[in-house]
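The chain contents come next:
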Amino acid sequence: MKLAVIGLGANLGQMATALKMAVTQIAMLPHSRLVAVSSLYASAPIEVNQSQPDYLNAAAAIETGLAPHEILAHLHRIEALARRQRGLWHAARTLDLDLITCGAEIVQSPTLTLPHPRAHLRAFVLLPMAEIVPDGVIPGQGRVIDLLPTVANQQIRRIGAL
């Protein structure tokens, strides 16, 4: 069993409902156990048209026996339940689930990069992750707590429980 951290986000539709549904589905993954869910955060879009609505973000941690590609397949299935439309990179979305880390695994494949390649650059990943895995590490980047000052200029606020 290894600890996997999943980033959750949405900026279209019934965002909080979609995130709650995603957590419920993540809790039902085979060979896995949900161990923590962060608070809900609001964050401004990054590297996209700033006229997009703000995102709601959270993180979930699971202990799992699944391989990273298996987790990713389940996350894509959950996104489809929320009618996620794939296509444009950084487009607004009803649900976005990213596998941030999966233990200390490093993966480079056409469909998956672990750890998530921009996790260490995003407050909307680091703050929720620090909340649920305070001793968390992003392999190749460092401890989450040490990375937080590098994203202090990004707009994000804690809203409350998910």
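The following paragraphs examine the structure supplied in this document. Quick caveat, the model's predicted, so the values are computed rather than measured.

## So, the pairing of strand β4 (residues 55-64)
Right, on to step 1. Counting buried positions along β4 yields nine of 10 residues, so the element is predominantly enclosed.
Right, on to step 2. Of the pairings in the sheet, the one linking strand β1 (residues 2-10) to β4 comprises nine bridges and is antiparallel in character. Bridge pairing links G7 to A59 in β4.
Right, on to step 3. Pairing geometry for strand β2 (residues 32-37) and β4, over five bridges, is antiparallel. Following the sheet pairing, R33 is matched in β4 by E63.
Right, on to step 4. Where strand β3 (residues 40-43) and β4 come together, three bridges link them in antiparallel fashion. Counterpart to S43 in the pairing with β4 is Y55.

## Concerning the pattern of salt bridges
Right, on to step 1. For the coordinates displayed, the defined rule picks out three salt bridges.
Right, on to step 2. As a salt-bridge pair, K2 and E105 come within 3.8 Å of each other at their nearest N and O atoms. Remark: E105 occurs in the loop between β5 (96-102) and β6 (107-108) and K2 occurs in strand β1; sequence separation between them is 103 residues.

## Some thoughts on the packing of helix α1 (residues 15-27) against helix α2 (residues 68-81)
Relative placement of two packed helices is described by the angle separating their axes and the distance separating the axes.
Right, on to step 1. Contact pair α1 / α2: the axes reach a minimum separation of 10 Å and the direction vectors enclose 145 degrees. Crossing geometry of α1 relative to α2 is assigned as right-handed. Residues M21, A22, Q25 and I26 of α1 form the contact with α2, whose own contacting residues are L75, R77, I78 and L81.
Right, on to step 2. Here the residues of the contact of α1 with α2 sort into six nonpolar, one polar and one charged.

Definitions and limits used
- Residues numbered from 1 in each chain as written.
- Predicted model: local features only at pLDDT ≥ 70, side-chain atom pairs only at ≥ 80, totals over all residues.
- Heavy atoms only, no water.
- Buried < 20%, exposed > 50% of the residue type's maximum accessible area, 1.4 Å probe, protein only.
- Helix = DSSP H or I, 4+ residues; strand = E, 2+ residues; numbered from the N terminus.
- Pairing = 2+ DSSP bridges.
- Salt bridge = Lys/Arg side-chain N within 4 Å of Asp/Glu carboxyl O.
- Axes fitted to C-alpha atoms, helices over the stretch in contact; angles between N-to-C directions.
- Left-handed = near helix turned anticlockwise from the far one by under 90°.
- Contact = heavy atoms within 4.5 Å.
- Nonpolar A, V, L, I, M, F, W, Y, C, P; charged D, E, K, R; others polar.

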